[in-house]
Amino acid sequence: MEWFPYSQDKRYLSGIDWVINALDYRSRRAVGRGNFSQLVMEFDRKLDGKLFCEKIAIFLNHYPVMSGGVSRDFNFCPYWRAGTGKRVKFSFAQRALNSGEEDLPLIFAFANVGLKPGEYLSFFLVTGAEKSFLVVKFDHRLFDAAGVEAFLSLFEEYCLTQKVTPIAPALKPGLSAWSEKFIAGKAVNRFFLKLRKGLKPITFAGGLGQGFDFLPLFFDADKSAAIYARSLSEAGYLMFMPFVLAKSLQSMDKVIKRDGDYLVPVNVNLRAANCAESVFFNHLSFLFFRVSRSMIAATPQLCREVASQFFDQAKGKISDNLAQAASLMRILPLPVVAALLDKFMGGDCAAFAFSYLGESAFRKKSFCGALVKNIFHLPLVPAKPGVGIFFTRYDDRLNLTLVYAKGALSREQAQGLMQELKNNL
Amino acid sequence: MADSNAIEKALANEISIILGVGAAQLKRDAPLHSLGMDSMSFVELLVFIEKQFKLNLMASGLNKEDFQTISSLADKISRATAAR
């Protein structure tokens, strides 16, 4: 019943958005940084930093949602208030590579710097003689990974046509159908009780340091095609996600032996294809896989097990129920939600975080006049599990990034894991 | 044997809901992955097939030939329901 005239400047947060805000809170407490991520675009030539900066400043001001922030409404529902009339703040820095200097360490250093207060986007341009990298740092409270790719696609469209795609990220508070939400909550509760049974929290002997290390791996078109072909024969048609998760589990088990079963949270994209309304905020949910160590050695058996759990969770509507149940948590303050994530949802027992984003939502071949050679992500990973394996794809080429909080893995373990993944895929 | 055309129509309708595109836009002889399906949306389709046609195709092996297009998938479902 639409009896209340909700303001267009308000976008009520979904339960998943509130969970992402809780992860932001937890990350600030644990490692001193918010919950942000980076997208890296590689170009075939030097991008004109001044021109980019001028254009993006104009473009961003068409989206006042980007100068907003979180508030609570009279009905206790958290919402995002757009900063209508305020200029959108963002940072831009540029650095030319010195002769013989490597690009990735500069990018990794930038990925370890937090966003300034009131900023949700920050850009870092690294330029070489015949190449450049644009690193886009984005706050997860406002964008998920596919959302920022779609946003950059809109920006390129704007550069080419001068047309701005209007986006009204409206969402009603969803303060109805309580019985459905409580039933979803009960289903989720039962699922997590079973999932966590007998698992011990993972601890890091030396504690966690400040910051994250990244190890990316880029596959060319031929190798990517070979990996897809293997997934077809070993896991089945359109079972690429279960295949790469199975390979990640095998690699992890070989290098970092852990006691007991492996618990892996996997985030999944819930947006419909080509949906402009879903550029801002989070349109994802989670699946959870628990795999016994005894199953890990045989690839077909492991792929079947992962695919079977995937099917059972889709059938049981776990990700939908989770999104519904999370909406009940919006009344809770962030420290309480953060504690629940650890103690109830298995965050403290997870072996590693995992995602496979699929083909990039940035569907263009060029950006600001330069040819895009590759797009990959450098996400941070929650303090627990402290390790993440993330697959992305651009132009049919597969990219893999291993991310770990300092102290969660040793450098030798991380390099061994990457080598194992390389050999295994 | 169940009507393959009716199965095809039901599949196209469900895929259009999953992918958020109009059913008329879906080419029935195009590979599912070229329509924009990924692992997540494919598993949702398998759940629909189990509920609608009482067939667990996940357990029967996911050969590309059977799942290549909406038409070939409809044929497989039609054959499997007839064989029961």
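(A) Main features of the environment of A:A96. Residues and elements named next belong to chain A. Mapped onto the elements, A96 comes out in strand β5 (residues 91–96). With 13 C-beta atoms counted inside 10 Å, the residue A96 sits in the partly exposed group. Put simply, A96 and A414 are 318 residues apart on the chain and 29 Å apart in space, counted from C-alpha to C-alpha.

(B) Quick look at the pairing of strand β7 (residues 132–139) of chain A. Residues and elements named next belong to chain A. The element β7 is largely enclosed, with a buried count of eight among its eight residues. Residues of β7 alternate between two faces, with S132, L134, V136 and F138 on one and F133, V135, K137 and D139 on the opposite face, all of them buried. Relative to β7, strand β2 (residues 36–43) runs antiparallel, the two sharing eight bridges. Note that in β7 the partner of M41 across the bridge is L134. In terms of strand pairing, strand β6 (residues 121–127) meets β7 through seven bridges, oriented antiparallel. Among the inter-strand pairings, S122 is bridged to a residue of β7, identified as K137. Between β6 and β7, which pair antiparallel in sequence order, lie four residues.

(C) A look at the nonpolar core. Ranked by size, the top nonpolar core spans 151 residues in total, and within it A:M41, A:L245, A:V264, A:F352, A:V403, A:Y404 and B:L46 carry the most contacts. The greatest single-element share of this core, amounting to eight residues, is contributed by helix α7 (residues 240–255) of chain A. Two domains each provide a minimum of three residues to this core, namely domain 1 (10–161) and domain 2 (178–424) of chain A. Those residues in contact with A:F352, other than ones at most four positions away along the chain, are A:M252, A:V264, A:P385, A:V387, A:G388 and A:I389.

(D) Region of the structure containing the sheet that holds β6(A). Taken together, the six strands give an open sheet; going across it, the order is β5-β6-β7-β2-β13-β12 (chain A), and neighbouring strands pair in mixed fashion. Strands with a single pairing partner mark the edges of an open sheet, and in this sheet they are β5 and β12 (366–367) of chain A.

(E) Representation of the interface of chain B and chain A in the model. With 21 residues of chain B in contact, the opposing surface of chain A contributes 19 residues. If you list the elements that add at least two residues to the side of chain B that touches chain A, you get α2 (39–53) and α3 (64–67) of chain B. Considering each element in turn, the side of chain B that touches chain A owes the most residues, seven residues, to α2(B). Its residues assigned to classes, the side of chain B that touches chain A shows 12 nonpolar, six polar and three charged.

About the criteria used
- Residues numbered from 1 in each chain as written.
- Chains lettered and ligands numbered in written order.
- Predicted model: local features only at pLDDT ≥ 70, side-chain atom pairs only at ≥ 80, totals over all residues.
- Helix = DSSP H or I, 4+ residues; strand = E, 2+ residues; numbered from the N terminus.
- Buried ≥ 20, exposed ≤ 12 C-beta atoms within 10 Å, placed from the backbone.
- Pairing = 2+ DSSP bridges.
- Core = buried A, V, L, I, M, F, W, Y, C linked by C-beta atoms within 7 Å.
- Domains from an automatic or database assignment.
- Contact = placed C-beta atoms within 7 Å.
- Nonpolar A, V, L, I, M, F, W, Y, C, P; charged D, E, K, R; others polar.

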